[in-house]
Amino acid sequence: MERLDDLEAFLAVIEKGSQTAASRHLRRPLQSLNRSLMALERALGVELVKRTTRRSEPTEAGRVFYERIKPAVAEIIEARAEAANLRGEILGPLKIGAPILFASSYVAPIVSRFLKLYPNVDVELRASDEQVDLVADGLDIAVRIGDSADESLIARRLHTLRVVIVGAPSYFAEHGRPQHPVDLERHACIVRAGAELVDKWPFRIDGGLQSIRVHGRFRSNSAASIRAAAREGTGLARLPLWQISDLVTQGTLAIVLPEFETEGMQIQLVWPPTRAPLERVRRFSDFLASSLKTDLL
């Protein structure tokens, strides 16, 4: 039976497109990886990869072999990790998704602390403001702020984030401050645009929830861009307080309509329902929940 290291080397070369990239991905010396590839080809008696200076591409035999062994190798690696978990060890890759600003402000520092506790875990953090398909993107777990677009995912609620309406002093000097949510109909608002346009803002009015339609000349799918535009006085914005608390403290942005705020946005951890989460996923979930409880205070 071919060594698992040799099979992993072959898979990495095909997936990364070159031996150099595969070497970096596996954290193995290039010479060691090349020896694994040649040993595998000798054992099978067929060329699997065509090498060039910059690219490594599968031969027809290599492509067929890749498709057949990839699921099996993934199962073996997972079984090895689960066996290690039973011994009290936590190891293996962990792929995490999170919104861009939240990823850099909170998730990345928490991941760094997690890696110090578990030296045999590798983490890939993918930041996106779009709610990507976890299965298609190969994510083990993702942080979602607000409702999840995929109701089939298993969710763990962590915290509630205060969401506020803010504007810059320059905007208020020119347009005045809204005194009631219905006033927003005559104000310029920065609208969130992504897979769908979010042009209705929720408020608590007379004890009930009501949505007010807003409009403006600037819209974006990027929270960072909305924050920047609000700071420049482009219009009013609706953002989680954590994203702009520094600007509010500095007086660069001011909160309006606080008495009409709703309960806020939920932070959730979501993962696919296909199987029970691995031990490293459970450990990270607990660690993230505990860390956010401290970091968001």
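Scroll up to find the structure.
Reading the values: rules and limits
- Residues numbered from 1 in each chain as written.
- Predicted model: local features only at pLDDT ≥ 70, side-chain atom pairs only at ≥ 80, totals over all residues.
- Heavy atoms only, no water.
- Helix = DSSP H or I, 4+ residues; strand = E, 2+ residues; numbered from the N terminus.
- Rg over C-alpha atoms; globule rule 2.2 N^0.38 Å.
- Buried < 20%, exposed > 50% of the residue type's maximum accessible area, 1.4 Å probe, protein only.
- 1 Å grid on protein atoms, 1.4 Å probe; cavity = no way out; pocket = protein on both sides within 12 Å on 5 of 7 lines; lining within 4 Å.
- Points joined across faces, edges and corners; volume = space filled by probe spheres on them.
- Nonpolar A, V, L, I, M, F, W, Y, C, P; charged D, E, K, R; others polar.
- Pairing = 2+ DSSP bridges.
- Axes fitted to C-alpha atoms, helices over the stretch in contact; angles between N-to-C directions.
- Expected span 1.5 Å × (residues − 1).
- Salt bridge = Lys/Arg side-chain N within 4 Å of Asp/Glu carboxyl O.
- Parallel < 35°, antiparallel > 145°, perpendicular 65-115°, else oblique.
- Left-handed = near helix turned anticlockwise from the far one by under 90°.
- Contact = heavy atoms within 4.5 Å.
- Polar contact = N/O pair within 3.5 Å; in protein donor to acceptor, adjacent residues only side chain to side chain.

Digging into the overall build of the chain
1) Next: Looking only at helices and strands, the chain features 9 helices and 15 strands.
2) Next: A globule of 297 residues ought to have a C-alpha radius of gyration of about 19 Å, yet the chain, at 25 Å, is considerably larger.
3) Next: Projected onto its principal axes, the C-alpha positions of the chain cover 80 × 45 × 35 Å.
4) Next: Out of the 297 residues belonging to the chain, those deemed buried represent 43%.

Some details on empty space enclosed by the protein
Rolling a probe over the atoms, with the probe sized like a water molecule, indicates the empty space that remains.
1) Next: What the rule picks out here adds up to 1 cavity of 30 Å³ or more.
2) Next: If you add up the space inside the largest cavity, you get close to 50 Å³.
3) Next: If you go around the largest cavity, the residues you meet are Val163, Val164, Ile165, Pro202, Phe203, Arg238, Phe260, Glu261 and Thr262.
4) Next: The leading source of residues in the lining of the largest cavity is strand β7 (residues 163-167), at 3 residues.
5) Next: Looking at the lining of the largest cavity, its residues break down into 6 nonpolar, 1 polar and 2 charged.

Structural notes on the sheet that holds strand β3 (residues 92-98)
1) Next: Here 5 strands make up an open sheet; going across it, the order is β4-β3-β5-β15-β6 and the pairing mixed. Pairing within the sheet leaves two strands with one partner each, and these edge strands are β4 (121-127) and β6 (154-161). Sheet twist, expressed as the average angle between the axes of neighbouring strands with direction ignored, equals 20 degrees.
2) Next: Looking at chain direction, β3 and β4 are connected through 7 bridges and run parallel. Of the residues in β4, the one forming a bridge with Gly92 is Val121.

Examining the pairing of strand β10 (residues 200-205)
1) Next: Where burial is concerned, the two faces of β10 differ: the one with Trp201, Phe203 and Ile205 is buried and the one with Lys200, Pro202 and Arg204 is not.
2) Next: Across 6 bridges, β10 lies against strand β11 (residues 208-213) in antiparallel orientation. In the sheet register, Phe203 faces β11, and the bridge partner there is Gln210.
3) Next: Hairpin connection between β10 and β11: a loop of 2 residues separates the two successive antiparallel strands, and Asp206 in this loop has a positive phi of roughly 50 degrees.

Structural notes on helix α1 (residues 4-16)
1) Next: For α1, which comprises 13 residues, the first-to-last C-alpha distance of 18 Å matches the rise-based estimate of 18 Å (1.5 Å per residue) to within 8%.
2) Next: With respect to burial, α1 is a largely interior element, 10 of its 13 residues being buried.
3) Next: Where α1 is concerned, the buried positions are Leu4, Asp6, Leu7, Glu8, Ala9, Phe10, Leu11, Ala12, Val13 and Ile14.
4) Next: Two residues or fewer after α1 comes Gly17, characterised by a positive phi angle close to 90 degrees.

A word on the sheet that holds strand β12 (residues 219-220)
1) Next: An order of β9-β8-β12 is seen for the 3 strands of this open sheet, with the pairing classed as mixed. Edge positions in the sheet fall to β9 (197-198) and β12, since each of these pairs with one other strand and no more.
2) Next: When strand β8 (residues 191-193) meets β9, the two strands line up antiparallel, connected through 2 bridges. The residue of β9 that forms the bridge with Ala193 is Leu197.

Structural notes on the pattern of salt bridges
1) Next: Taken as a whole, this structure holds 11 salt bridges when the rule is applied.
2) Next: One salt bridge in this structure joins Arg63 and Glu60, with 2.6 Å as the shortest N-O distance. Here Arg63 pairs with Glu60, and both are found in helix α4 (residues 60-86), just 3 residues apart, close to one helical turn.
3) Next: Taking relative accessible area as the criterion, Glu60 reaches 52% and is therefore assigned exposed.

Looking at the packing of helix α5 (residues 100-117) against helix α9 (residues 279-295)
1) Next: Between α5 and α9, the least distance of the axes is 10 Å, while the angle of their chain directions is 125 degrees. For the element pair α5 / α9, the angle class is oblique. Crossing of α5 against α9: the hand is right-handed. Contact residues: α5 offers Phe102, Tyr106, Ile110, Val111, Arg113, Phe114 and Leu117, while α9 offers Arg280, Arg283, Phe284, Phe287, Leu288, Ser291, Leu292 and Asp295.

Some words on the side chain of Asp6
1) Next: Within the secondary structure, Asp6 is located in helix α1.
2) Next: Looking at Asp6, its side chain comes within polar contact range of the side chain of Ser36, at 2.7 Å.
3) Next: Excluding residues that lie within four positions of it along the chain, Asp6 makes contacts with Ser36, Ala39 and Leu40.

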